[in-house]
Amino acid sequence: MTEAILLVGGKGTRLRPVTVHTPKPMIRAAGVPFLTHQLARARAAGVEHIVLATSYLAQVFEPYFGDGASLGLHIEYVTEEEPLGTGGAIRNVASRLHSGPDEPVLVFNGDILTGLDISALVRTHRTTGADVSLHLTQVTDPRAYGLVPTDETGRVTAFLEKPQTPEEIVTDQINAGAYVFRRSVIDTIPVGRPVSVERETFPDLLSAGAHLQGMVDSTYWLDLGTPAAFVRGSADLVLGRAPSPAVPGRCGDRLVLPTATVAPDAKLAGGTVVGEGAFVAEGARVFGSTILPGAVIEPGAVVTDSLIGTRARVGRRSVLTGTVIGDGAVVGPDNELREGARVWCDVRIPGGAVRFSSDQ
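Residues numbered from 1 in each chain as written. Predicted model: local features only at pLDDT ≥ 70, side-chain atom pairs only at ≥ 80, totals over all residues. Heavy atoms only, no water.

A word on the overall build of the protein chain
- What the protein chain contains, in helices and strands, is 7 helices and 28 strands.
- Radius of gyration (C-alpha) of the protein chain: 22 Å, near the 21 Å computed for a compact globule of 360 residues.
- Its C-alpha atoms give the protein chain principal-axis dimensions of roughly 70 × 50 × 35 Å.
- For the protein chain, with 360 residues in total, the buried portion stands at 55%. (Helix = DSSP H or I, 4+ residues; strand = E, 2+ residues; numbered from the N terminus. Rg over C-alpha atoms; globule rule 2.2 N^0.38 Å. Buried < 20%, exposed > 50% of the residue type's maximum accessible area, 1.4 Å probe, protein only.)

If you want it as C-alpha cells, here you go:
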C-alpha cells in the first residue's frame, strides 16, 4: 500500500468557536495540528502518497504541510466547491490516485484519534479479497452509533442505523472511520453530488453482493468531534495513552512548547499542553487542558479540562472547568465558567460577570 485519502473537509460545528478560524484537523492536539498525527501514523505504516480532501477553510492546509516532504510523504490537495459528504469526497479525489484497479487505497476520517494497526487492516483486506475493509471498534454503549454486525469470518452482514430499543442492539461493533477500498470500487461512487459512505455506499455495495470485511481492533479510539473529546485526546497523546510519532517531546504529565513561558510556581498536570508563545502566570493551575499559542493564563487562575483559544486570556483568579474559549476572547478576573460553556472569538467578559458561587 502506498497511498491514502484523508477526509478533512468538515466544518467542525460541534467544536465551535475554535473552528471559526481553524478547520478541525488543524486545531493543535499535543502541540501540533491534529492532522499531523494522522499523517505521521500513515507514513509509519508505509503510506507514501496522500490526497487531502478539503472543503472548509481549505486554504490553510497547503501552506502548513506543503508537498509533505518534511513528513516523508507526497501530499496533494483537492478542494470541494460544495460539501460532498464522505463518499462524494472520496470520489472527488479519485483522479489523483495512482493505484491500479485491484490495489488497496486507505481512507481516513480526519477527526478520529486511534491506535489502529493500519498494516493489519491492509493485510486483512488482502487476505480476504474484500472489496472494502472497515475498521470496527467495540463500544460499551452503541446507541449513538450505527452498528456493523459481522459473521464468524468477519464479513459484514448489515449496516444498522442507531438503535432505538435494547432489542435493536445486536452488536457492540461500530464503524470506526478507517477503510481500505479496492481502487475500482471508488470509481463506482456517483460523481458530483453528496454521497455518504455510511448511509449509501456501504449499504448499496452490500445489497449488490460485494464483499465488505470488518476488522475489530479495540485499541485506543476516540472521535474528537466535541470539545471535551478533543481536550481528552490531546491530553491522552501527551500522557502516552494514545500513540503518535508526531508528539513534539517526551510523553509525560505536561507538554510546554518552545517559546511558551510558565511561572515557576504554576502547576501543570494531566496532559496539559501550553502552546508556542503562551504564558501561564504565577499561582495558576492548569489540569488536562490545551492552551493554544499566544494565550495567557493570569495569576491564580484555575483551568481544568478546557480548551483556550489562540491569543485568548483568562483573568486572575478565574475558574474554568470544561470550557471552550475562542480565539482572542478575554475572560476577566474572578469569573467562574463551568462544563459546556463556550465563549466566542474576541468576546470580552468583564471581571466577576459570570459566577456560580458568592463573590465573597
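So, next bit.
Here's the deal with the pairing of strand S6 (residues 104–109)
- The element S6 is largely enclosed, with a buried count of 6 among its 6 residues.
- Judged by which residues are buried, S6 turns out to be covered on both faces: Pro-104, Leu-106 and Phe-108 on one side and Val-105, Val-107 and Asn-109 on the other are all buried.
- Where S6 and strand S9 (residues 173–182) come together, 5 bridges link them in antiparallel fashion. Counted as the bridge partner of Leu-106 is Val-180 from S9. (Pairing = 2+ DSSP bridges.)

Some points on the UniProt feature "domain: Nucleotidyl transferase" (unreviewed entry) in the protein chain
- In the numbering adopted here, UniProt assigns the feature "domain: Nucleotidyl transferase" (unreviewed entry) to residues 4–236.
- Each end of residues 4–236 is marked by a C-alpha atom, and these two atoms are 25 Å apart; helix forms 26% of the span and strand 23%. (UniProt positions renumbered as here; feature names shortened; annotations may be inferred.)

With respect to the pattern of salt bridges
- According to the stated counting rule, one finds 14 salt bridges in the structure shown.
- The shortest N-O distance in the salt bridge between Lys-24 and Asp-111 comes to 3.0 Å. Here the residue Lys-24 occupies a position in the loop between strand S1 (3–7) and strand S2 (28–29), and Asp-111 occupies one in the loop between S6 and strand S7 (112–114), the gap between them amounting to 87 residues.
- Lys-24 gets classed as buried once you look at its relative accessible area, which sits at 12%.
- Classification of Asp-111 as buried rests on a relative accessible area of 17%.
- A salt bridge links Arg-182 to Asp-131, with the shortest nitrogen-to-oxygen separation between them at 3.1 Å. (Salt bridge = Lys/Arg side-chain N within 4 Å of Asp/Glu carboxyl O.)

Concerning helix H4 (residues 118–128)
- Among all positions of H4, only Ile-118, Ala-120, Leu-121, Val-122, Thr-124 and His-125 are buried.
- Taken together, the buried residues of H4 touch helix H1 (34–44), S6, strand S8 (132–138), S9 and strand S10 (212–216).
- N-cap assignment for H4: the residue whose side-chain oxygen lies 3.3 Å from the backbone N of Ser-119 is Asp-117.
- A positive phi of about 65° marks Gly-129, the residue just after H4. (Contact = heavy atoms within 4.5 Å. Polar contact = N/O pair within 3.5 Å; in protein donor to acceptor, adjacent residues only side chain to side chain.)

Points about the pairing of S9
- Of all 10 residues in S9, 10 are buried, a share of seventy percent or more.
- In this sheet, S9 lies alongside S8 in antiparallel orientation, the contact comprising 6 bridges. The residue of S9 that forms the bridge with Gln-138 is Gln-173.

Section: the side chain of Asp-131
- For Asp-131, the location among the structural elements is in the loop between H4 and S8.
- Since its relative accessible area comes to 18%, Asp-131 is described here as buried.

Comments concerning the UniProt feature "domain: Mannose-1-phosphate guanyltransferase C-terminal" (unreviewed entry) in the protein chain
- Mapped onto this structure's residue numbering, the UniProt feature "domain: Mannose-1-phosphate guanyltransferase C-terminal" (unreviewed entry) falls at residues 252–333.
- Within residues 252–333, the helical portion is 0% and the strand portion 41%, while the C-alpha atoms at the span's ends are 30 Å from each other.

Section: the packing of aromatic side chains
- Under the defined criterion, the tally for this structure stands at 6 aromatic pairs.
- Plain terms: the ring middles of Tyr-179 and Phe-202 are 5.1 Å apart, the flat faces sit at 75° to each other, and that makes the pair edge-to-face. In this pair, Tyr-179 is assigned in strand S9 and Phe-202 in helix H6 (residues 197–207), connecting sequence segments 23 residues apart.
- One aromatic cluster is present, formed by Phe-159, Tyr-179, Phe-181 and Phe-202 through successive ring pairs. (Phe/Tyr/Trp six-rings, centres within 6.5 Å; stacked < 30°, edge-to-face > 60°.)

A word on unusual backbone geometry
- Along the chain, Arg-16 connects to Pro-17 via a cis peptide bond; the corresponding omega equals 10°.
- Mapped onto the elements of the fold, Pro-17 is located in the loop between S1 and S2.
- At Thr-259, a residue that is not glycine, the phi angle is positive and equals roughly 75°.
- Structurally, the position occupied by Thr-259 is in the loop between strand S12 (254–256) and strand S13 (261–262).
- The class of Thr-259 is exposed, set by a relative accessible area of 61%.

Description of the sheet that holds strand S14 (residues 267–269)
- Ordered in space as S14-S17-S20-S23-S26, the 5 strands form an open sheet in which the pairing is parallel. With one partner strand each, in any of the chains shown, S14 and strand S26 (336–337) form the two edges of the open sheet.
- Bridge count between strand S20 (residues 302–304) and strand S23 (residues 319–321): 3 bridges; the pairing is parallel. Following the sheet pairing, Val-302 is matched in S23 by Val-319.

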